[in-house]
Amino acid sequence: MSAKRAKYGMVIDVDRCTGCGACMIACAAENNVPPGPADSTDRTGITLMRIYRADNGKDFPENESVFFPVSCQQCDHHPPCVSVCPQNAVEVDAATGIVAQIPVRCLGCRYCMAACPYHARYFNWWDPVWPEGMERELNPDVSLRMRGVVEKCNLCFHRLQTAREKAAAEGRAEIIAGEYVPACVEACPAAAITFGDLLDEESEVHRLSQRGESFRLLERLGTGPKVYYTSEREWVRALAEKDPASTPGRTAATD
Amino acid sequence: MLPWIYGFTWQTGNVIFLSIFYCVVAVIFGSFGIAVIRAYRDLTSGRLNEIRWHVDFDDLPEFAKTCRHVFSGEIEYQVCRNGFDCRSCKTHSGIIGVHMGANASYTGNESPSGLTIQSDCMYHRGHTWVHRESDRTLTIGLDPLAERLLWSRGKAELPEVGSRLHVNGAGWYFRNGGSRVRVLSPVDGEVVAVGGRDEGFYLKVNPGDDSDLRHLLKGTEVYPWMTREIERLEILLGADGDGINLADGGVLLDDVAASYPELNWENILAQMLLES
Amino acid sequence: MPFGKFVSLMIPWTILLLIGMYAIFLCLTKGLNQTNMDNRFAFGVWIFLDLSVIALGAGAFFTGFLVYIMKRDELRAVINSAVVLGFICYSGAILILMVDVGQPLRAWFTFWHPNIHSMLTEVTFCITCYLAVLSVEYAPLVLKNKKLKEIPAFLAMEYELHRIMPVLAGVGTFLSFFHQGSLGGLFGVLQAHPFAFREGLAIWPTTFFLFIISAAAAGPSFILLTTWIVSRISRKRLVSESVYTLLARISGSIPLVYVLLKSIDTFTWLNRTVPQMGLSGMSFFLWAPFNIWILFVEIIVFGLIPSLLLIFGGGRLRAGWLVASAALVCCGILLNRFVMTIQTLSLPTMAFDRFMLYTPSWQEISAFLFVVAYGVIIYSLSFRYLRLFPQETELDRN
């Protein structure tokens, strides 16, 4: 086991994001998210990574839009979902800083979903069912979640396990940076997502997160998310803290 | 939850929370357990009659629980809290201490609504009379109001000779089909003879050495009590129907129940005989 | 009331009960996809129902507290009715909670691995304990039934249970304080939702205290309301005028205190809590249909006006006015619970987020009505066969 304390996080360059949705697909496939039944909607489906679109509210030709891939923000400081769970089904891994849901202990009360400011938690409204034959494509490293429990992004924790096992097999105590990368990061065709240990001062992710153009969503809540966004555009950075009421009707969520 | 359960921590908050929880659970189940044990003891130690009376008395409306000293005009307003047992009542002993024997000289024979009150009898709140015989035994019968209510209400089930009675315990019953009416025993003692309606009395009781009859109404108290009980009966009758005038020309009918068969007599009798 | 008429009155409620049972069956077997709740509206009308009935059921603890601890014997006239109402409300709430969670069979996990920092843990522990208390308080009422009382064991049990009542009333009050408060804290701690978030006094957000007071306000009002309704339907006088007046005074003064504290809390929140987050307090009221009217209605129409009517109209106004005012107080508490659950979740939290509404499915509404029908039926049976109002016989003079 790794003795060194890490704090995994990512920086998403929203100027590069095209909203293609590859990260969402990669995430769902990697984490064995079942396809939603016919009567599911964008409000009941499970998208551990979800892309939101926002615009600057101006008319053509000044109009501009931006895409925000939002997964669990991996809050570092008093994550709201951890303290509200009545049965300790959300745990923060002290060694990696990863906030993880424990589906087998989840009661499905959904209080954590109400408590999450990023709407990053999803409930299994249906029994997980895969079309005939598709179950052969399931990822053996990720256990399935049953109906009636909450799930969320855990930064592909199973990939960290795999990396650790590989390191151990090779006689190393530590994994090498780059050995552990979540599926969404890997899938992004625009290479908009940089992933790594925020505590490692030599890492790219640390450097990017410290740039002036980097920001986090709803930083005012003091939850210290470990997912950073970065943009050269002033109005995009302002969106992070903007009062939603100041732009009613001008923004919309997309899948 | 418990120290050996996975995930348990000895954090102060955790310990305080769980301690309070265990205390609350202990109090809830502890008090429930105590109630169960006490109930078991009550059942085995034969306190049941006492309890039955206690429960019934508790349920009586305040109007029916007026203190006897209100009838005699000695107190303005007082509701009995002592189960009509003046022998252990502080109010009663206090008042009796002041003017002992105020009633002793009373000899009038009055008849509220045609019900004759015998001046040589003592009356119990459960509508029985007690007469002390020269051989120290006590004769017990139904008072005229109860007699008229129970005229056609089935057969008296009297206790066996030799059985013991307790004040405010069950004296005897009237059974009518499936329903049963209880008559409270006015005195403590051993049954020495049984009678019936035709004999003019129901029980003869030997009170033994202990024949404290302070709790029975006598003298001037009886008339106002009886008047009030007739009023109570009228209320009960009115409650179920459209207001019935009981006293036909000022005299209570001989067989009230038979005259108004449509009423819920089971309930009315229970109320009148303090079974509530 | 003749048996036939009683049965005919119960038929519509039984039908409602059966439809509700079918809906609950669907939700338990097919899962919560039978509801219209979604990942955003993780809490729907059921949580609103839970909060509401628990507030209305607070009459049980509050009356018990006044009767057994404060020795206000006048209120013995309504204590039995209050206990039955409390039992109905709490058992109904727990029943719906069991349907509302995704994995009801894991309910014991909360006891096994409790997270004491969660308000929901406090709520779960307290309401299960309190339901046990209410069941023990309800038992003697049942045992006191004329036929059951004939059985010696029941009689003795009834008598002995009655003797431990003050202890239970004390425990009930203690538990009620905490879970009513925690239900408020449930939303007050949500820093994600500045609309619901409140700053703390000691370790609890202010909603913790507001919920306790508002529940204490709703309880007596609901007892006043139900007593009057039952009295109208059964055409019997159940409690004396003085009890009505006392109940009116209680259910007037507590809401008045509540309205005052709620106003102070709202102003603090508007002028301190929200600006500290860099938001404008009034911006929460820009989203139709939940505009500023809702705050006005909650505080003035459902709060200040009825409580003044109840306090000053106690001896002068006709019963109809008192009852209407008590109904308004109850509505005020219901509106507050609605605002805390539904409005909180409908408001967006991020700039690129949307304002959302949700329409409950028929299964959710039926399950909701199941609790109402269940309450009406249990109460009616209790009223018919048990002795809910000890003064009834005494007052029944034409």
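Because the structure is a prediction, the values reported are computed rather than measured. (Residues numbered from 1 in each chain as written. Chains lettered and ligands numbered in written order. Predicted model: local features only at pLDDT ≥ 70, side-chain atom pairs only at ≥ 80, totals over all residues. Heavy atoms only, no water.)

A. View of the sheet that holds strand β5 (residues 164-165) of chain B. Residues and elements named next belong to chain B. Strand order across the open sheet formed by 6 strands is β1-β2-β3-β9-β8-β5, with antiparallel pairing between neighbours. The open sheet terminates on both sides in strands that have one partner only, identified here as β1 (122-124) and β5. Pairing analysis gives 2 bridges linking β5 to strand β8 (residues 189-196), with the strands arranged antiparallel. What sits directly across from Leu-165, in β8, is Gly-189. (Pairing = 2+ DSSP bridges. Helix = DSSP H or I, 4+ residues; strand = E, 2+ residues; numbered from the N terminus.)

B. Structural context of the packing of helix α10 (residues 241-276) of chain C against helix α12 (residues 319-346) of chain C. All names here are of chain C. Following both chains from N to C, one finds α10 and α12 inclined at 35 degrees, their axes separated by 11 Å at the closest point. Crossing geometry of α10 relative to α12 is assigned as left-handed. Between α10, through Ala-248, Ser-251, Pro-255, Tyr-258 and Lys-262, and α12, the contact on the second element is made entirely by Leu-322, Val-329, Ile-333 and Asn-336. For the contact of α10 with α12, a count of residues per class yields 6 nonpolar, 2 polar and 1 charged. (Axes fitted to C-alpha atoms, helices over the stretch in contact; angles between N-to-C directions. Left-handed = near helix turned anticlockwise from the far one by under 90°. Contact = heavy atoms within 4.5 Å. Nonpolar A, V, L, I, M, F, W, Y, C, P; charged D, E, K, R; others polar.)

C. Molecular detail of the packing of aromatic side chains. Residues and elements named next belong to chain B. As enumerated under the stated definition, the model contains 50 aromatic pairs over all chains in all. Note on Trp-53 and Phe-84: the rings are 6.1 Å apart at their centroids and 40 degrees apart in plane angle, and the pair reads as tilted. Taken together, the residues span a long stretch of sequence, with Trp-53 in helix α2 (residues 48-59) and Phe-84 in the loop between α3 (68-71) and α4 (90-98) at a distance of 31 residues. We classify Trp-53 as buried; its relative accessible area is 7%. (Phe/Tyr/Trp six-rings, centres within 6.5 Å; stacked < 30°, edge-to-face > 60°. Buried < 20%, exposed > 50% of the residue type's maximum accessible area, 1.4 Å probe, protein only.)

D. Focus on unusual backbone geometry. Following Phe-60 of chain A, the chain continues into Pro-61 of chain A via a peptide bond in cis, with omega recorded as 10 degrees. Of note, Pro-61 of chain A is situated in the loop between β2 (50-55) and β3 (65-70). For the bond from Ala-288 of chain C to Pro-289 of chain C, the omega torsion is 5 degrees, close enough to zero to count as cis. Residue position: Pro-289 of chain C is located in the loop between α10 and α11 (293-313). The phi dihedral of Arg-110 of chain A is positive, around 70 degrees, even though this residue is not glycine. Assessed through its relative accessible area of 0%, Arg-110 of chain A is described here as buried. Here the phi dihedral of Arg-136 of chain B falls at roughly 70 degrees; this positive angle occurs in a residue that is not glycine. On the secondary structure map, Arg-136 of chain B appears in the loop between β2 (128-132) and β3 (138-142).

E. Structural context of the pattern of salt bridges. According to the stated counting rule, one finds 43 salt bridges over all chains in the structure shown. For the salt bridge of Arg-211 of chain A with Glu-213 of chain A, the shortest nitrogen-to-oxygen distance reads 3.9 Å. A salt bridge links Glu-298 of chain C to Lys-262 of chain C, with the nearest nitrogen and oxygen atoms 3.5 Å apart. Taken together, the residues Glu-298 of chain C in helix α11 and Lys-262 of chain C in helix α10 connect sequence positions 36 residues apart. (Salt bridge = Lys/Arg side-chain N within 4 Å of Asp/Glu carboxyl O.)

F. Just the pairing of strand β9 (residues 201-206) of chain B, in detail. All names here are of chain B. Across 3 bridges, the pairing between β3 and β9 is antiparallel. The residue of β9 that forms the bridge with Leu-138 is Val-205. Looking at chain direction, β8 and β9 are connected through 5 bridges and run antiparallel. Pairing of Val-194 across the sheet is with Leu-203, part of β9. Count of turn residues in the β8/β9 antiparallel hairpin: 4 residues, of which Gly-200 carries a positive phi of about 90 degrees.

G. Region of the structure containing the interface of chain C and chain B. Counting residues at the interface gives 41 residues for chain C, matched by 46 residues for chain B. In this assembly, chain C packs against chain B so that about 3800 Å² is buried in total across both faces, 67% of it on carbon and sulfur atoms. Viewed at the interface, chain B and chain C are joined by 4 salt bridges. Here Arg-180 of chain B and Glu-150 of chain C are joined by a salt bridge, their closest N and O atoms 3.7 Å apart. In this assembly, chain C and chain B are joined by 4 residue pairs in polar contact (both at pLDDT 80 or more). If you list the elements that add at least two residues to the side of chain C that touches chain B, you get α5 (109-112), α6 (119-143), α7 (152-163), α8 (165-188) and α14 (392-395) of chain C. (Buried area = accessible area lost by both parts, 1.4 Å probe. Polar contact = N/O pair within 3.5 Å; in protein donor to acceptor, adjacent residues only side chain to side chain.)

H. Representation of the interface of chain A and chain C. Across the contact, 58 residues belong to chain A and 56 residues belong to chain C. Interface area, chain A with chain C, both sides summed: about 4700 Å², of which 57% is carbon and sulfur. Ranking the residues of chain A by area buried against chain C places Arg-43, Tyr-111 and Trp-125 of chain A at the top, with a combined share of 17%. Salt-bridge contacts for Arg-110 of chain A lead to Asp-100 of chain C; the nearest nitrogen and oxygen are separated by 2.6 Å. Of all the secondary structure elements, the ones that give two or more residues to the side of chain A that touches chain C are β2, β3, α2 (80-84), α3 (111-115), β6 (122-123) and β11 (252-253) of chain A. Within the side of chain A that touches chain C, the residues separate by chemical class into 36 nonpolar, 12 polar and 10 charged.

I. Examining the pairing of β3 of chain B more closely. Residue and element names in this part refer to chain B. For β3, the buried fraction is high: 5 of the 5 residues fall into the buried class. Of the two faces of β3, the one holding Leu-138, Ile-140 and Leu-142 and the one holding Thr-139 and Gly-141 are both buried throughout. In the sheet, β2 pairs with β3 via 5 bridges, with the strands oriented antiparallel. Across the sheet, the residue bridging to Val-130 is Ile-140, located in β3. Taken together, β2 and the strand that follows it, β3, pair antiparallel across an intervening segment of 5 residues, in which Arg-136 is found at a positive phi of about 70 degrees.

J. Looking closely at the confidence of the model for chain B. A residue-level look at chain B finds 89% of positions with pLDDT of 70 or above and a mean pLDDT of 82. Across chain B, element-level confidence peaks in helix α1 (residues 12-44) of chain B with a mean pLDDT of 94 and bottoms out in strand β10 (residues 247-248) of chain B with 51. (pLDDT = per-residue confidence, 0-100.)

K. How the structure looks around the confidence of the model for chain C. Residues and elements named next belong to chain C. Counting all residues, the mean pLDDT for chain C is 91, and 98% of those residues have values of 70 or more. Predicted confidence in chain C is weakest over α14, with a mean pLDDT of 67, and strongest over helix α13 (residues 362-385), with 96. For this predicted complex, the interface confidence comes out at an ipTM of 0.92, alongside a pTM of 0.89.

L. Broad picture of empty space enclosed by the protein. Scanning all chains against the criterion turns up 17 cavities of 30 Å³ or more. Its volume calculated, the largest cavity comes out at about 160 Å³. Together, 13 residues line the largest cavity, and Arg-50, Tyr-52 and His-119 of chain A together with Arg-40 and Met-356 of chain C are the ones closest to its centre. Residues belonging to the lining of the largest cavity are distributed by class as follows: 4 nonpolar, 2 polar and 7 charged. (1 Å grid on protein atoms, 1.4 Å probe; cavity = no way out; pocket = protein on both sides within 12 Å on 5 of 7 lines; lining within 4 Å. Points joined across faces, edges and corners; volume = space filled by probe spheres on them.)

M. Examining the nonpolar core more closely. Membership of the largest hydrophobic core comes to 177 residues, with the highest contact counts inside it found for Tyr-111 of chain A together with Trp-46, Leu-175, Phe-187 and Tyr-379 of chain C. Among the nonpolar cores identified, the runner-up in size contains 50 residues, and Cys-23, Cys-27, Leu-48 and Tyr-52 of chain A belong to it. (Core = buried A, V, L, I, M, F, W, Y, C linked by side-chain atoms within 4.5 Å.)

N. Structural detail: the environment of Ser-81 of chain C. Residue and element names in this part refer to chain C. Inspection of the secondary structure puts Ser-81 in helix α4 (residues 76-100). Residue classification places Ser-81 among the buried residues on the basis of a relative accessible area of 0%. With near-sequence residues (within four places) excluded, Ser-81 lies in contact with Tyr-379, Leu-388 and Phe-389. There is a polar contact of 2.8 Å between the side chain of Ser-81 and the side chain of Tyr-379.

O. A look at helix α9 (residues 206-234) of chain C. Residues and elements named next belong to chain C. If you check α9, its first and last C-alpha atoms are 42 Å apart, about what 29 residues at 1.5 Å a residue would give, namely 42 Å. Judged by how many residues are buried, α9 sits mostly within the fold: 23 of 29 residues are covered. Arg-235 occupies a position one or two residues after α9 and carries a positive phi of about 50 degrees. (Expected span 1.5 Å × (residues − 1).)

P. Fine view of a nonpolar patch on the surface. All names here are of chain C. On the surface, Phe-3, Val-7, Ile-11, Ile-15, Ile-19, Tyr-22, Phe-25, Trp-362, Leu-381 and Tyr-385 cluster together into a nonpolar patch covering about 980 Å² of accessible area. Counting residues per element, the ones that place at least two in the nonpolar patch are α1 (3-30) and α13. No other element matches the 7 residues that α1 contributes to the nonpolar patch. As for its position among the elements, Tyr-385 is in helix α13. (Patch = residues over 30% accessible without salt bridge, like charges linked within 9 Å, V, L, I, M, F, W, Y side chains within 5 Å. Areas by Shrake-Rupley, 256 points an atom, 1.4 Å probe, with all protein chains shown as cover.)

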